[in-house]
Amino acid sequence: MKREIVLKVNGESYQVYVSPEKMLLDVIREDLQLTGTKKGCEAGECGACTVLMDGRPVNSCMVLAFDAVGREIVTIEGVGGLEGLHPIQEALVEHGAVQCGYCTPGIVMTAKALLDSDPNPTEEEVRKALAGNLCRCTGYVKIVEAVMDVSKQISESPELREKLSQSQEFGAKTVGR
Amino acid sequence: MGYAVVGQRVPRVDAREKVSGRALFTGDMTLPHMLVGKVLRSPYAHAQIVRIDTTKARSLPGVKAVLTFEDVPKIPWNSAGFPPSPGAILMEDQYILTDKVRYVGDGLAAVAAVDEETANRALELIEVEYEVLPALMDMEAAMAEDAPLIHAAPQNVMAHMPIVIGDVDQGFADADIVFEDTYYVPKVYQVSMEPCGVAMAAPDMDGRVTIWTSTQMPHLVRGITAHALGLSTSQVRIIKPPVGGAFGSRLGVVNEPIAALLAIKAGKPVMLKYSREESFLATESRHPIKMILKTGIKKDGTFTARQMTAYIDGGAYATHTPSFAGPVAGWFLAMYKSPNIKVDNYSVYTNSTQCGAFRGYGNPQVVFAVESQVDDIAAALGLDPLEIRLKNHPCAGEVWMWSSWVIESCGLDEGIKRASEAIGWGEKRNKQERLEYAQGNGITADSTKKRGVGMAYMMHVSGARPMLHETSAAVVKINEDGKANLIYSNSDCGQGAGTALTQVAAEELGLNYEDVFITKTADTDVAGFDIGSHASRQAYSGGNAVKKAAAAAKEKLLAMASEILEVPAADLEVAEGMIRVRQEPEREISVAEVSHKAHFGSHGHQIIGAVSEEPPGNPPVYAAQFVEVEVDTETGVIEVLKVVAAHDVGTAINPAVVEGQIEGAIQQGIGYALTEEYRYHPGTGKPLNANFTDYKILTAVDMPEVETILVEASSESGPFGAKSVGESGLVATAAAIANAVYDAVGIRIKELPLTPEKVLAALEQKGN
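Worth saying up front: this structure is predicted, and the values here are computed from it rather than measured.

## Things to note about the overall build of chain B
- Assigned secondary structure in chain B consists of 21 helices and 29 strands.
- By the compact-globule yardstick of 27 Å for 768 residues, chain B fits well, its C-alpha radius of gyration being 27 Å.
- The dimensions of chain B, computed from C-alpha atoms along their principal axes, are 90 × 75 × 50 Å.
- Looking at chain B as a whole, 60% of its 768 residues qualify as buried.
- In chain B, the share of contacts with a sequence separation of at least 24, taken over all contacts with a separation of at least 6, comes to 81%.

## Some remarks on unusual backbone geometry
- Following R465 of chain B, the chain continues into P466 of chain B via a peptide bond in cis, with omega recorded as 0°.
- Within the element layout of this structure, P466 of chain B appears in the loop between β18 (449-460) and β19 (472-478).
- One non-glycine residue, E42 of chain A, adopts positive backbone phi at about 60°.
- One non-glycine residue, S536 of chain B, lies in positive phi territory at about 50°.
- Mapped onto the elements, S536 of chain B comes out in the loop between β22 (522-523) and α16 (538-565).

## Notes on the packing of helix α2 (residues 87-94) of chain A against helix α5 (residues 141-156) of chain A
Residues and elements named next belong to chain A.
- Between α2 and α5, the least distance of the axes is 9 Å, while the angle of their chain directions is 135°. Here α5 runs oblique to α2, going by the angle between their axes. Crossing hand, α2 versus α5: right-handed. Along its contact with α2, which presents P87, I88, A91 and L92, the element α5 presents I143, A146, V147, D149, V150 and Q153.
- Classifying every residue of the contact of α2 with α5 gives eight nonpolar, one polar and one charged.

## Points about the domain arrangement of chain A
Residue and element names in this part refer to chain A.
- Under the domain assignment, chain A is made up of domain 1 (3-78) and domain 2 (87-168).
- Relative to domain 2, the C-alpha centre of domain 1 lies at a distance of 21 Å.
- Contact with domain 1, which involves 16 residues of that partner, is made by 13 residues of domain 2.
- With three residues, strand β3 (residues 50-53) is the largest single contributor of residues to the side of domain 1 that touches domain 2.
- Residues that form the side of domain 1 that touches domain 2 fall into these classes: seven nonpolar, seven polar and two charged.

## Some thoughts on the packing of helix α3 (residues 104-117) of chain A against α5 of chain A
Residues and elements named next belong to chain A.
- Contact geometry for α3 and α5: axes closest at 11 Å, N-to-C directions at 35°. For the crossing formed where α3 meets α5, the hand is right-handed. Of the residues in α5, those in contact with I107, A111 and L115 of α3 are I143, V147, V150, S151 and I154.
- For the contact of α3 with α5, the per-class residue count stands at seven nonpolar, one polar and no charged.

What counts as what
All residue numbers refer to position in the chain's written sequence, counted from 1. Whichever chain is written first is A, and whichever ligand is written first is 1; the rest continue in order. Under the rules for a predicted model, residues below a pLDDT of 70 receive no local features and side-chain atom pairs below 80 are neither given nor counted, while totals for whole chains, interfaces and linings still include all residues. Put simply, DSSP marks the helices as runs of H or I at least four residues long and the strands as runs of E at least two long, and each gets a number from the N terminus on. The size measure is the radius of gyration over C-alpha atoms, and the globule rule it meets is 2.2 Å times the number of residues to the 0.38 power. Buried residues are those with 20 or more other C-beta atoms within 10 Å of their own C-beta, exposed residues have 12 or fewer, and partly exposed residues lie in between; C-beta atoms are placed from the backbone. For every residue pair, C-beta atoms are placed from the backbone, and the pair is scored as a contact if these atoms sit within 7 Å. Orientation is described by axes fitted as lines to C-alpha atoms, over the contacting stretch for helices, and by angles from 0 to 180 degrees between their N-to-C directions. Here is the rule for angles: anything less than 35 degrees is roughly parallel, anything more than 145 is roughly antiparallel, 65 through 115 is roughly perpendicular, and the remaining ranges are oblique. A clockwise turn of the near helix away from the far one marks a right-handed crossing, whereas an anticlockwise turn of less than a right angle marks a left-handed crossing. The nonpolar class holds Ala, Val, Leu, Ile, Met, Phe, Trp, Tyr, Cys and Pro. Asp, Glu, Lys and Arg form the charged class, and all remaining residues, Gly among them, are polar. Residue ranges assigned to each domain were obtained from an automatic or database domain assignment.

The structure is reproduced here in structure tokens:
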């Protein structure tokens, strides 16, 4: 039986009419038409569908839409757009860390969750955080370089840190659950 | 070299839309009244369909089309994305849906319905009765005298390709030592992150069908799909949006004909999207090959005879396989010089999913065998592994036997030198020095962890000439603001070809990179005929056409500028959008002004350059890959500590793109060496690991340090000296790891992947 629920995604409230078994990923892609979040396995194995739920990265293919009610959801569309890219996105572009781009939205969300909670991770911590996001193009080399570079930028620039924690277009309102 | 745009690490043309989630992949699209397509797949590896009843499915509300073998055109076809060419052997043994299933997952019916739930229910309502046949899951079973036939081919051998050069019997008689070894490499999957098999088809009122599809080969897929549907080529329009990785998996038709036929029958757009499991079950992968190598050699390291007998498991349909046997022979023939060479290739049908293209196209298989054996030969003869390779590889100025053309440039020797220094080859191969080095890392002589270094070399192609045509077409038009469009059948699947080609056009035109706009989406109604992305061809073949189209536009631009400035065109040059008199740089005019005058002055025309042609050659690329491993002799686990990859790619048009290709290919190569193997139940033929939990690709935690070294031995014929890079990084990786394991613990495993079980068994055997 379909029911109406309200989901809070990228700071906006959406009323959707969905069946209880529908996954958050499918609601995001089909009902909200936010197609930046990708479907790679439907089994929680690849990380292409990563979104933030109350600041934490989750595989949205494994979360029932009903269980996302009352949570703050951030998708890739909530991170950077025409008005400007998030420093993580800029770094991925600059380092040549984007190839096919299918895993990239998930990588951005995972990296954002990591740097929001720990702006100065070691390379090993970055790799561990990204271990649930499979990439078949890059060997992760330039992705890890890019995330380490952003971490360095944050540590060298208090202004950037301040900006990231306050600016809404970077999905900041969900930081620090 | 003095290039302005070529050689620069400019950001990719599609990076910003991808990093922001705005890039629309095929599976992100939707059309009004779009239906959802689904395929009914066989639960049996080999069975005749005795009865199929779709009555109930057809009467389910919301179902708009149901197809079985009865409904498909009775036109046999072949899915491989080959242009008709001398090297294309295209056995047509497929139909859009089958009446005899030949692997678990073979498609026997398809439905289109208003939503996914209805489509899935319709599949459940289709009644099928099978007469189950024995599942032939390996080549021995398939080639047995009394084996049932999968197709009509006797003993299930679809093709046999013998090649003889010289007299190998004499060569073996002349040898000081003859080595004979058997190697086996398994089936592995490309596993692009976007599952393989996504197409959206829409019929129109003029008898045409438009298909948006995640493909590497827009034009060839157009032709094959049209043929399978009984249409003429131009009745099909292929649009290729961004592709979520390919690596060969989309090198030809995947599911376009099913999507198109459903759409035509339903009279509505249909989206047919394979799940991850379906893309494992029903799309093409790397060929398993059994290779028997026999090599005769003199004590000084001179080859007297080289022979390979290969059994290639093509799976349930021919697709690439009979043609694929050609490059397999070519890789072997061309690696090392020898007066006598013989190859015997057998292509065999089995009841596994059909095999096709995967980065390297047979080369990783052959290089694993050849470079494993050469390492053993060097050890047996007491030769330096580097010397034996340097002495016997084909060099610039010599004929390369893969193409029978003269090699234009060779950076292998420099690559071996630089990479061996980077890995610390000299000190680490020296047992005493290595012991001291290991102790420095806290590893003692009686530690259960042993380290070793190994290397392997490879050569690869820049396109497939002369076996296959390599046509590309490009149109460069200069707009009235002095910026340019590059119209190209852009089959970039993430490798960065679209970016590199934009750089080539900008360099040739004398424009800034930011002022040239390539068609990011390929559209066969718009761009000229292009072969697509295969054989690492885009930079070389596509680059050739793009450079010439840009040159043609530039010639017209300078002719116009010469009229305006009243100086001969030969005295003019263009850079950063400005045309200047070479000897009097203060006399200048912008490209924008000239183009504006062309459009709206007395001439009234747009400056356009257009070219369609094949590139002049096929310059081979070289790579030397060195690895250091640590083998845990208690658990059998191999850890790759570092990979150094020296690649002669010719001129690197964009070094960041080139490095990205090598780094990503190495991830796939390490997987091939250590963790990846697609397995079937030997009795039932059911896949055992069609998911990412059981089919293990490397994560960010698993990847070792990778150091890439670019050796730019520029070609004579390539655009600005470019050759290729797309596939090379995968090719020699597994062999280098196997050789490093041998160096570490003295075991030689001749079957991939090098699992802990195999390592422990080999160590035990060695201990006994």
